[in-house]
Amino acid sequence: MTRDELLTAYASGQRAFSGADLSGANLSRANLSRANLSGAKLSDAKLFDANLSDAKLSGANLYRADL
């Protein structure tokens, strides 16, 4: 899944992204409040200043993610 696909789906009301491969995605300053990112691959992702309030990150791979 690309950054643009994720943000478009999120803007459409989707919140279920468990298991999504977002490795290396630049999600800085993205609003991902209440998103289910359980088990998502977020290694090397840029999440600086992203809104992750109430997001589910259980089992997500955050190796070298920029938080």
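What counts as what
- Residues numbered from 1 in each chain as written.
- Predicted model: local features only at pLDDT ≥ 70, side-chain atom pairs only at ≥ 80, totals over all residues.
- Heavy atoms only, no water.
- Phe/Tyr/Trp six-rings, centres within 6.5 Å; stacked < 30°, edge-to-face > 60°.
- Lys NZ or Arg CZ within 6 Å of the ring centre and 35° of its normal.
- Core = buried A, V, L, I, M, F, W, Y, C linked by side-chain atoms within 4.5 Å.
- Buried < 20%, exposed > 50% of the residue type's maximum accessible area, 1.4 Å probe, protein only.
- Contact = heavy atoms within 4.5 Å.
- Salt bridge = Lys/Arg side-chain N within 4 Å of Asp/Glu carboxyl O.
- Helix = DSSP H or I, 4+ residues; strand = E, 2+ residues; numbered from the N terminus.

Caption draft 1: Fine view of the packing of aromatic side chains. Counted by the stated rule, this structure contains zero aromatic pairs. Here the basic side chain of Arg-15 rests over the ring of Tyr-10, its NZ or CZ set 3.6 Å away from the ring centre.

Caption draft 2: A look at the nonpolar core. In this structure, Phe-17, Leu-22, Leu-27, Leu-32, Leu-37 and Leu-42 are the most contacted members of the largest nonpolar core, which totals 19 residues. When sequence neighbours within four positions are dropped, the list of residues in contact with Leu-42 reads Leu-22, Leu-27, Leu-57, Ala-60, Asn-61, Leu-62 and Ala-65.

Caption draft 3: Broad picture of the pattern of salt bridges. The full count for this structure, using the stated rule, is three salt bridges. Of the charged contacts in the structure, one is a salt bridge between Asp-49 and Arg-29, with a shortest N-O distance of 3.9 Å. Of this pair, Asp-49 sits in the segment after α1 (3–11) while Arg-29 sits in the segment after α1, and the two are 20 residues apart along the sequence. Accessibility expressed as a relative area gives 52% for Asp-49, which makes it exposed. Of the residues examined, Arg-29 reaches a relative accessible area of 62% and is grouped as exposed. Close ionic contact of Arg-64 with Asp-44 constitutes a salt bridge, the shortest N to O distance being 2.9 Å. One end of the pair, Arg-64, is in the segment after α1; the other, Asp-44, is in the segment after α1, with 20 residues separating them in the sequence. Judged by its relative accessible area of 55%, Arg-64 falls in the exposed class.

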